[in-house]
Amino acid sequence: MSEIHLVVDMQNGFMPEKCRHIIPTVIKLIECFLETGKLVEFTKFINTADSNYVKLIHWSSLIHEPETSIIDELQPYIHNIFDKPYYSRFAHFKLS
């Protein structure tokens, strides 16, 4: 099995200004993986109006663009994005 760098939920809605300092490090990791021919894949959390997040805790963020978009700095590196309506990185999908 190949190694993969999975970039999890690096979206506008999850990236407050105080966290933006991590972006250069994430880019370096992505570039290291790409230079060695390894895969880089992205996940994107998408909340829905009928989700338990909305129903139970009244959290209605990350339903629409631009909150759901991967941050601009990472756009050039996107090959595949796994959309997911749950806050987990592995449930309900397989990488092949």
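In case you missed it, the structure is sitting above this.
Cut-off values and rules
In this convention, every chain numbers its residues from 1, walking through the sequence in written order. In keeping with the model being predicted, local features are shown solely for residues with a pLDDT of at least 70 and side-chain atom pairs are shown and tallied solely at 80 or more, while totals for entire chains, interfaces and linings include all residues. Derived side-chain values reflect all non-hydrogen atoms in the structure, with water molecules and hydrogen atoms excluded from consideration. In this analysis, strands are considered paired if DSSP registers two or more bridges between them. Where helices and strands are cited, they refer to DSSP runs of H or I of at least four residues and of E of at least two residues respectively, numbered from the N terminus. Geometry is summarised by axes, namely lines fitted to C-alpha atoms with helices restricted to the contacting stretch, and by angles between N-to-C directions that run from 0 to 180 degrees. Any carboxyl oxygen of Asp or Glu that lies within 4 Å of a side-chain nitrogen of Lys or Arg is treated as forming a salt bridge with it.

For the rest of this paragraph, the subject is the sheet that holds strand β2 (residues 39-45). Read from one edge of the open sheet, three strands run β1-β2-β3, paired in parallel fashion. A strand with exactly one partner marks an edge of an open sheet, and here the two such strands are β1 (4-8) and β3 (81-84). Neighbour-to-neighbour, the strand axes of this sheet turn through a mean angle of 20°, independent of strand direction. When β1 meets β2, the two strands line up parallel, connected through five bridges. Across the sheet, residue V7 finds its bridge partner in β2, namely F42.

The next subject is the pattern of salt bridges. Going through the model one piece at a time under the given rule, you end up with three salt bridges. Where E73 meets R20, a salt bridge forms, and the shortest distance between an N and an O atom there is 2.3 Å. One end of the pair, E73, is in the loop between α2 (52-57) and β3; the other, R20, is in the loop between β1 and α1 (23-35), and 53 residues separate them in sequence.

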